[in-house]
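Descriptive structure summary
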Amino acid sequence: MKKTTTLIAASILAMLNISTAAQAKSDPLVAVQRTVNLSVELVEERGGKDVWKVARIGGDGDCEDFALLKRKLLIEQYGFSPDDLDILLLVNPKTRTGHAVLAVRSQLMVLDIPTKGNKRANLKPVPYAEYLKKTGYVRFCTAGNISTDQQFESASDRCVKP
């Protein structure tokens, strides 16, 4: 499975005319952010349940599915420690909407989904503090104890408060 995911990601990067080796050398966060945001279709959760699953390259998913795939790629392709990668559950107090993003602790960066209707937006990671200020979100909790191949219906039982 790891080899297949790597081959698919490399193929997509090649189609996008991005050198995999150069991109990985310069910044794996940018490589993963671009690959996932340009090759996974953003869709809203259907059926009233929030099912967390790792999105697939060429597939679709919502915010936490994107975050899970980005986490998986950073661990499996670039050797990041799972302890360095947090899926943050955020809430906007004004709109009462929730959101999930991948945060990289060691670099204080956030990897987010593409802007709805614009796949070319959000192709670079954003500094954590800047992201919160720009979006109006506040950290609700961190989803803990998540494996890269797991699927579950809610993160609330895995929620670790800051």
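Everything numeric in this text was worked out from a predicted model, so none of it was measured.

As a further point, take the overall build of the protein. In terms of regular secondary structure, the protein is built from 5 helices and 8 strands. The order of α-helices and β-strands along the protein, N terminus first, is α-α-α-β-β-α-β-β-β-β-α-β-β. For the protein, buried positions account for 47% of its 162 residues. Sequence-distant contacts in the protein: of pairs separated by 6 or more residues, those separated by 24 or more amount to 51%.

Inspection of the secondary structure assignment puts Ala100 in strand S4 (residues 97-104). Once residues lying within four places of it in the same chain are set aside, the contact partners of Ala100 are Cys63, Glu64, Ile87, Leu88, Leu89 and Asp112.

Bringing the nonpolar core into the picture now. Membership of the largest hydrophobic core comes to 28 residues, with the highest contact counts inside it found for Leu69, Leu74 and Ile87. Per element, the largest residue contribution to this core is 8 residues, and it comes from helix H4 (residues 63-78). Excluding residues that lie within four positions of it along the chain, Leu74 makes contacts with Pro28, Leu29, Val32, Gly79, Phe80, Leu85, Leu102, Val104 and Leu111. With 9 residues, the next largest nonpolar core counts Leu88, Val110, Leu132 and Tyr137 among its residues.

Look at H4: 22 Å from first C-alpha to last across 16 residues, which is about the 22 Å you get at 1.5 Å a residue. Counted residue by residue, H4 has 13 buried out of 16 residues, so it is predominantly covered. Immediately beyond the C-terminal end of H4, within one or two residues, lies Gly79, with a positive phi of roughly 75 degrees.

Another point: the pattern of salt bridges. Throughout the structure, instances matching the rule amount to 2 salt bridges. Measuring nitrogen to oxygen at the nearest pair gives 3.4 Å for the salt bridge that ties Asp65 to Lys53. Taken together, the residues span a long stretch of sequence, with Asp65 in helix H4 and Lys53 in the loop between strand S1 (41-42) and strand S2 (60-61) at a distance of 12 residues. For Asp65, a relative accessible area of 2% corresponds to the buried category. We classify Lys53 as partly exposed; its relative accessible area is 29%. In this structure, Arg105 and Asp86 form a salt bridge, with 2.6 Å as the shortest nitrogen-oxygen distance. Taken together, the positions of Arg105 in the loop between S4 and strand S5 (109-111) and Asp86 in strand S3 (residues 85-92) put the pair 19 residues apart, joining distant regions of the chain. Classification of Asp86 as buried rests on a relative accessible area of 12%.

Looking at the protein as a whole, the pLDDT averages 81, with 73% of positions reaching at least 70. Averaged over each element, pLDDT in the protein is lowest for helix H2 (residues 20-26) (52) and highest for S5 (96). Note that residues 17-21 has pLDDT below 50 and, in this model, 5 contacts with residues that lie over four places away or in other chains.

Looking now at the side chain of Ser39. One can find Ser39 in helix H3 (residues 28-39). Take Ser39: its relative accessible area is 12%, and that puts it in the buried class. Looking at Ser39, its side chain comes within polar contact range of the main-chain oxygen of Thr35, at 2.4 Å.

What counts and how
- Residues numbered from 1 in each chain as written.
- Predicted model: local features only at pLDDT ≥ 70, side-chain atom pairs only at ≥ 80, totals over all residues.
- Heavy atoms only, no water.
- Helix = DSSP H or I, 4+ residues; strand = E, 2+ residues; numbered from the N terminus.
- Buried < 20%, exposed > 50% of the residue type's maximum accessible area, 1.4 Å probe, protein only.
- Contact = heavy atoms within 4.5 Å.
- Core = buried A, V, L, I, M, F, W, Y, C linked by side-chain atoms within 4.5 Å.
- Expected span 1.5 Å × (residues − 1).
- Salt bridge = Lys/Arg side-chain N within 4 Å of Asp/Glu carboxyl O.
- pLDDT = per-residue confidence, 0-100.
- Polar contact = N/O pair within 3.5 Å; in protein donor to acceptor, adjacent residues only side chain to side chain.

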